[in-house]
Amino acid sequence: MQHCPVCDLEKYQRRGKIKVEKMTKDGVKLLSYQAYRCINNHFFSENTSQTKFTNSFIEYSVILYLRSLSLNTTIDFLRIQYEQDVLSKQKLLEFIIVVADTLPTLDDIDNLFHPKRSGYLAFDGVWYKYRGLNFVLLVCFDPVTFDIVSYHISEKETFESYEKLIRSTLPKLKDVKIHGLYGDGDRGLIKALKLYFPNIPIQVCVVHKEFRLGQILPFKRAYTGKALEIAFKRKVRFFKETAETILYANNKNDAERQFEILKEFMTKEKDEKLKKAFGSLKYNFKYILTHFDYLDMERDNNIIEGFNSIIKRRLRLLKGFKRPANIDRYIKLVLLDYRFHGFVESRFVKRRNKTPLELSGVSIPKYYNFIKFLRESLNLSFETEKS
């Protein structure tokens, strides 16, 4: 306590203790706080300007939300546990905001724990919708440790937006030798990578490339659909099967030979969708083959898609936020949670139950709630009432 909250005087004396009813993780409790009186006879306590909720309850509510992925589900869980209407949706949103504002940023985490980088970088854009508008979360992460290096929120996935992401990434890699880059084949990304990482091999994830081709052409309906013309279905099937032999070829020569076959097929093709799909494959073709020349790189490294699926589930919750300013807060929380959350079901034994930070060489004591861990480690508090 630095001064009287009423008259701002620094001269005051202790005047016993007062009991205050507060909601804790263990339920409602009467907690003792030191009371004071200043020379102007103003009576106050350590509880001044604090919420009726303790740190333990606030962090417990927020971690429940991050795990249940629903405001309503979190409130229901708390009602069942405490057998009373403990929390409103608005109050829970306030908790999320104050926790996000109080916790360190991703850059702060790097400065605190100094995660090691493998020298490989993967880039991806995860799209989400907020009140009818589309935004993209651009992320740079380490494909060996799965840890996030940096991120950028943009309205578009372009060269300029990836340029901003890379510029925020470069200062973190001053002492790291970059060996290889992974991406989904986006033209803006490829252009930015070639500009900022000249002579570094780029591998386009073949799983992503196959998925992208399937977005342009109706691969599934070419086999099972009845509405498509027979001649078009045959062309799409040929394209799909030839593209797969290119993407998953056993050697570079086989991939190049199959590409020439597809190229010859396309010389007489006039269908716009087929031409668009071939143009996409042609643009990324040399980047699809990178792993044949750099054996330490993988072609079908599904890391990007795995990361994508984890983050996408959480981004669907943005509809609960009424103010656009809170999007940044929520994404910060989601990404912090990702870095401190273990890969419980990983099929790779060396990754199982380990967090991205631990896979990056960071030694962290055992914890069950990363919010509590950071609060106690950094001597933070979520209890101060917002003015």
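See the structure printed just above.
Residues numbered from 1 in each chain as written. Predicted model: local features only at pLDDT ≥ 70, side-chain atom pairs only at ≥ 80, totals over all residues. Heavy atoms only, no water.

### As for the overall build of the protein
Phase 1 of the analysis: Counting its regular elements, the protein contains 16 helices and eight strands.
Phase 2 of the analysis: At 27 Å, the protein has a C-alpha radius of gyration far larger than the 21 Å of a compact globule built from 387 residues.
Phase 3 of the analysis: The 387 residues of the protein split such that 48% are buried.
Phase 4 of the analysis: For the protein, the proportion of contacts with a sequence separation of at least 24, taken over those separated by at least 6, is 62%. (Helix = DSSP H or I, 4+ residues; strand = E, 2+ residues; numbered from the N terminus. Rg over C-alpha atoms; globule rule 2.2 N^0.38 Å. Buried < 20%, exposed > 50% of the residue type's maximum accessible area, 1.4 Å probe, protein only. Contact = heavy atoms within 4.5 Å.)

### Describing the pairing of strand β5 (residues 133-141)
Phase 1 of the analysis: Burial runs high along β5: seven of the nine residues are buried.
Phase 2 of the analysis: Pairing analysis gives nine bridges linking strand β4 (residues 120-130) to β5, with the strands arranged antiparallel. The residue bridging Tyr128 from the neighbouring strand is Phe135, located in β5.
Phase 3 of the analysis: The loop that links β4 with its antiparallel partner β5 comprises two residues; one of these, Arg131, has a positive phi angle of about 50°. (Pairing = 2+ DSSP bridges.)

### Description of the packing of helix α1 (residues 55-68) against helix α2 (residues 71-82)
Phase 1 of the analysis: The N-to-C vectors of α1 and α2 enclose an angle of 130°; their axes lie 8 Å apart at closest approach. By the angle between their axes, α1 is oblique relative to α2. Handedness of the crossing formed by α1 with α2: right-handed. The segment α1 lies against α2, with Phe57, Tyr60, Ser61, Leu64, Tyr65 and Ser68 engaging Leu71, Thr73, Thr74, Phe77, Leu78, Gln81 and Tyr82.
Phase 2 of the analysis: Tallied by class, the residues present in the contact of α1 with α2 amount to eight nonpolar, five polar and no charged. (Axes fitted to C-alpha atoms, helices over the stretch in contact; angles between N-to-C directions. Parallel < 35°, antiparallel > 145°, perpendicular 65-115°, else oblique. Left-handed = near helix turned anticlockwise from the far one by under 90°. Nonpolar A, V, L, I, M, F, W, Y, C, P; charged D, E, K, R; others polar.)

### Notes on the sheet that holds strand β7 (residues 180-183)
Phase 1 of the analysis: One open sheet holds the five strands; their spatial order is β6-β5-β4-β7-β8, and the pairing between them is mixed. Each edge of the open sheet is held by one strand with a lone partner, namely β6 (148-154) and β8 (202-204). Adjacent strand axes in the sheet meet at a mean angle of 20° when their direction is disregarded.
Phase 2 of the analysis: By the bridge criterion, six bridges tie β5 to β6 in an arrangement that is antiparallel. In the strand pairing of β6, Val139 is matched with Tyr151.

### Here we look at the pattern of salt bridges
Phase 1 of the analysis: One pass over the structure, following the stated rule, counts 21 salt bridges.
Phase 2 of the analysis: One salt bridge in this structure joins Arg375 and Glu59, with 2.6 Å as the shortest N-O distance. Of this pair, Arg375 sits in helix α16 (residues 370-378) while Glu59 sits in helix α1, and the two are 316 residues apart along the sequence.
Phase 3 of the analysis: Taking the shortest distance from any N to any O, the salt bridge between Asp337 and Arg67 comes out at 2.8 Å. Placement of Asp337 in helix α14 (residues 325-340) and of Arg67 in helix α1 is noted, with a sequence separation of 270 residues between them.
Phase 4 of the analysis: Given a relative accessible area of 1%, Asp337 falls into the buried group.
Phase 5 of the analysis: One continuous salt-bridge network, built from bridges that share partners, spans Asp107, Asp110, Arg117, Asp147, Lys172 and Arg339. (Salt bridge = Lys/Arg side-chain N within 4 Å of Asp/Glu carboxyl O.)

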